[in-house]
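Here's the letter readout for the chains.
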Amino acid sequence: CRQLHQGVIPASLTKLNLLQFLRASPGFFLIKTGISDEKEALQREVYRNICSMLGKLNTRYGELYDVKDYGGDYRKSSIPVSQTHETTGFHTDSSAANYYPRFVGLLCIRPASQGGESQLANPFNFLDNADRVMPECSALLKIPVIRDIVTPGTEFSIENLRANKFPVLNDEDEVPVFRYMRYWIEQGQEKSGVQLPKAYLDALNELD
């Protein structure tokens, strides 16, 4: 189903109709293949093929990247939250200034016995309302802010940290871009020695 527009994906999935659905408005697909849990390799191959229909895959971690707990703590070391069992609330993927995914996909191979639910939100619903009733909030979210460096293989330095700077909302182009990860914003600003103004924190609270 797609968010907001209840619909069924045709069995004959093609690149054209998949992209048409996703580009029509912010939303998502839930695809059930009927492949048994025992056929994990087949699940992964089907998933990889569907993702390839949407565009070029991000291969920084390999074509497929397992989201699972490796026993680390993102609060104590600069690692992605996806390598822990923790949650960080609503966020978008990638804290690197020079990369953000157009689409994000998740394949559930073994559902948890409890917990593990996904929550999805359309930030533009909030922003449309904010433009009308609290325009100062939208204006603040367009100010570039520093994000912490957590992408493996990226050298950490104060210079690189301060260069890793971009706004939550960028609507200068034809298609607006929304990139939000509050913890990495607060950590990046703290490590760089630049304190966030109270008004900006208030805007993040409104967003949350």
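These numbers were taken from a predicted model, which means no experiment stands behind them. For every chain, the first residue of its written sequence is number 1, and the numbers climb from 1 along that sequence. In keeping with the predicted nature of the model, local features appear solely for residues at pLDDT of at least 70, side-chain atom pairs appear and are counted solely at 80 or more, and the whole-chain, interface and lining totals rest on all residues. Hydrogens and water are ignored here; the side-chain numbers use all heavy atoms of the structure.

Let's talk about the overall build of the chain
Inference 1: Under the scheme used here, helices are H or I runs from DSSP no shorter than 4 residues and strands are E runs no shorter than 2 residues, and both carry numbers assigned from the N terminus. In terms of helices and strands, the chain carries 7 helices and 4 strands.
Inference 2: The globule rule used for comparison is 2.2 Å times the number of residues to the exponent 0.38, while the radius of gyration itself is calculated over C-alpha atoms. Taking 208 residues into account, the globule formula puts the C-alpha radius of gyration at 17 Å, and the chain, at 19 Å, falls close to it.
Inference 3: Shrake-Rupley sampling with a 1.4 Å probe provides the accessible areas, and residues are treated as covered by the protein chains on show and by no other component. About 13,800 Å² of surface is accessible on the chain, with carbon and sulfur atoms providing 52% of the total.
Inference 4: Positive: Lys, Arg. Negative: Asp, Glu. His and the chain ends are not part of the count. In this description, the location of a charge corresponds to atom NZ of lysine, CZ of arginine, CG of aspartate or CD of glutamate. The centroid of the 23 positive side-chain charges in the chain is displaced by 4 Å from the centroid of its 26 negative side-chain charges.

So, helix H6 (residues 182-192)
Inference 1: Three labels apply to residues, based on accessible area from a 1.4 Å probe with only protein chains included: buried if under 20% of the type maximum, exposed if over 50%, partly exposed otherwise in between. All of the buried residues in H6 are Arg 182, Trp 184, Ile 185, Gln 187, Gly 188, Gln 189 and Ser 192.
Inference 2: Buried positions along H6 lie against strand E1 (145-146), helix H5 (158-163) and helix H7 (198-207).
Inference 3: Backbone geometry just downstream of H6 places Gly 193 in the positive-phi region, at approximately 80°. Here, residues are in contact when the closest pair of their heavy atoms is within 4.5 Å.

Comments concerning the environment of Ile 149
Inference 1: Along the chain, the position of Ile 149 falls in the loop between E1 and H5.
Inference 2: Overall, the relative accessible area of 8% leaves Ile 149 in the buried class.
Inference 3: Note: C-alpha distance between Ile 149 and Leu 161 (12 residues apart in sequence) is 6.4 Å.

Topic: the nonpolar core
Inference 1: Ranked by size, the top nonpolar core spans 17 residues in total, and within it Phe 126, Leu 141, Val 168, Tyr 180, Tyr 200 and Leu 207 carry the most contacts.
Inference 2: When contributions to this core are tallied by element, the ones reaching two or more residues are helix H3 (123-133), helix H4 (135-141) and H7.
Inference 3: Sorting elements by how many residues they give to this core places H7 first, with 4 residues.
Inference 4: Tyr 200 has contacts with Leu 140, Leu 141, Ile 143, Val 145 and Val 168, leaving out every residue within four places of it along the chain.
Inference 5: Ile 79, Val 81, Val 150 and Met 181 belong to the second largest nonpolar core, which has 6 residues in total. Residue types Ala, Val, Leu, Ile, Met, Phe, Trp, Tyr and Cys, when buried and joined through side-chain atoms within 4.5 Å, form a set referred to as a nonpolar core.

Comments concerning helix H2 (residues 40-54)
Inference 1: How far a helix is expected to stretch is found by multiplying one less than its residue total by 1.5 Å. Its 15 residues place the ends of H2 22 Å apart at the C-alpha level, agreeing with the 21 Å of an ideal helix rising 1.5 Å per residue.
Inference 2: Following H2 by one or two positions, Gly 55 has its phi on the positive side, about 150°.

Observations regarding the confidence of the model for the chain
Inference 1: A score between 0 and 100, pLDDT records how confident the predictor is in each residue. Counting all residues, the mean pLDDT for the chain is 82, and 90% of those residues have values of 70 or more.
Inference 2: Per-residue pLDDT, averaged within each element of the chain, yields its smallest value for helix H1 (residues 15-24) (74) and its largest for E1 (95).

Some words on the environment of Leu 169
Inference 1: If you trace the backbone, Leu 169 turns up in strand E3 (residues 169-170).
Inference 2: Residues Leu 169 and Leu 140 lie 29 residues apart in sequence; the distance between their C-alpha atoms is 9.1 Å.
Inference 3: Those residues in contact with Leu 169 that sit more than four places away from it in its chain are Phe 124, Leu 127, Leu 141, Lys 142 and Val 177.

Examining the packing of aromatic side chains
Inference 1: Geometry of aromatic contacts follows a simple scheme: Phe, Tyr and Trp rings, the Trp one being its six-membered ring, pair when their centres are within 6.5 Å, and the pair is stacked under 30 degrees between planes, edge-to-face over 60, tilted otherwise. Inspection of the entire model under this criterion finds 3 aromatic pairs.
Inference 2: Relative to Phe 178, the ring of Phe 124 lies with its centre 6.4 Å away and its plane at 65°, an arrangement referred to as edge-to-face. Here Phe 124, found in helix H3, pairs with Phe 178, found in strand E4 (residues 177-178); they are 54 residues apart in sequence, far enough to count as distant.
Inference 3: The exposure class of Phe 124 is partly exposed, given its relative accessible area of 23%.
Inference 4: When the centroid spacing of 6.2 Å and the interplanar angle of 45° are considered together, the rings of Phe 178 and Tyr 180 count as tilted.
Inference 5: Owing to a relative accessible area of 3%, Tyr 180 belongs among the buried residues under this scheme.
Inference 6: The structure contains a cluster of three or more aromatic residues connected by ring pairs, namely Phe 124, Phe 178 and Tyr 180.

A word on unusual backbone geometry
Inference 1: With a phi close to 80°, Ser 94 is a non-glycine residue in the positive phi region.
Inference 2: Within the fold, Ser 94 resides in the loop between H2 and H3.
Inference 3: Taking the relative accessible area as the measure of exposure, Ser 94 reaches 22% and is therefore partly exposed.

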